[in-house]
Amino acid sequence: MTSAEQRAVYVTGHPEYAADTLAREYHRDRRQHRRVPVPQHYFEQSDATVVNYSWPDASRRFYQNWLASLTLTKVGL
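Residues numbered from 1 in each chain as written. Predicted model: local features only at pLDDT ≥ 70, side-chain atom pairs only at ≥ 80, totals over all residues. Heavy atoms only, no water.

Colleague: Sorry, what's going on with the environment of Tyr26 here?
Modeller: Looking at the element boundaries, Tyr26 is found in helix H1 (residues 21–31). Each C-alpha atom of the pair Tyr26 and Val38 lies 7.5 Å from the other, and the pair is 12 residues apart in sequence. Not counting residues within four places of it along the chain, the set of residues in contact with Tyr26 comprises Val36, Pro37, Val38, Pro39, Phe43 and Ala48. (Helix = DSSP H or I, 4+ residues; strand = E, 2+ residues; numbered from the N terminus. Contact = heavy atoms within 4.5 Å.)

Written out as structure tokens, the structure is:
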């Protein structure tokens, strides 16, 4: 998402997360008996053991595009 003037970018999610970050948080919360749902499309199987690490390319692309836009803004383009 961006603002109408293209001066703001809104990120939903955590593209900076390592493959197991959300899994560690999920299992920590479950050990504390918190009622947390299984993250959708994150684990390969219903047993919540194997992570579907599908976002590293998109994360790199996001940060590369963001840095490029900062560069263009800095030089006034």
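Colleague: How do you make sense of the pattern of salt bridges when you look at a structure like this?
Modeller: Think of it this way: side chains of opposite charge can pair up when their charged atoms draw near. This structure, assessed with the given rule, holds four salt bridges. Among the ionic pairs, Arg28 bridges to Asp29, the shortest N-O distance being 3.0 Å. With its nearest N and O atoms 2.5 Å apart, the salt bridge here joins Asp57 to Arg60. Highlighted residues: Asp57 and Arg60, both in helix H2 (residues 56–74), separated by three residues, approximately one helical turn. Looking at Asp57, the relative accessible area reads 48%, which means it is partly exposed. Via salt bridges that share partners, Arg28, Asp29 and Arg34 belong to a single interconnected network. (Salt bridge = Lys/Arg side-chain N within 4 Å of Asp/Glu carboxyl O. Buried < 20%, exposed > 50% of the residue type's maximum accessible area, 1.4 Å probe, protein only.)

Colleague: Mind showing me how you'd approach the layout of surface pockets here?
Modeller: Space left empty within the atom packing is revealed by a probe, the size of a water molecule, rolled over the atoms. The computed volume of the second largest pocket comes to approximately 220 Å³. Each residue belonging to the lining of the second largest pocket can be placed in one class, and the counts come to eight nonpolar, five polar and no charged. (1 Å grid on protein atoms, 1.4 Å probe; cavity = no way out; pocket = protein on both sides within 12 Å on 5 of 7 lines; lining within 4 Å. Points joined across faces, edges and corners; volume = space filled by probe spheres on them. Nonpolar A, V, L, I, M, F, W, Y, C, P; charged D, E, K, R; others polar.)

Colleague: So what exactly am I meant to see when it comes to unusual backbone geometry here?
Modeller: One can expect most non-glycine residues to show negative phi and most peptide bonds to be in trans. Non-glycine residue His33 carries a positive phi angle of around 60 degrees. Within the element layout of this structure, His33 appears in the loop between H1 and H2. Overall, His33 belongs to the exposed group, its relative accessible area being 71%. We note that His41 has phi near 60 degrees; this positive angle belongs to a residue other than glycine. Its place among the elements puts His41 in the loop between H1 and H2.

Colleague: Can you walk me through a nonpolar patch on the surface in this structure?
Modeller: Judged by side-chain polarity, Tyr63, Trp66, Leu67 and Leu70 come together as a nonpolar surface patch covering roughly 370 Å² of accessible area. As for its placement among the helices and strands, Tyr63 is situated in helix H2. (Patch = residues over 30% accessible without salt bridge, like charges linked within 9 Å, V, L, I, M, F, W, Y side chains within 5 Å. Areas by Shrake-Rupley, 256 points an atom, 1.4 Å probe, with all protein chains shown as cover.)

Colleague: What exactly am I supposed to notice about the side chain of Asp29 here?
Modeller: Along the polypeptide, Asp29 turns up in helix H1. Sequence-distant contacts of Asp29, that is, excluding residues within four places in its chain, are made with Arg34 and Val36.

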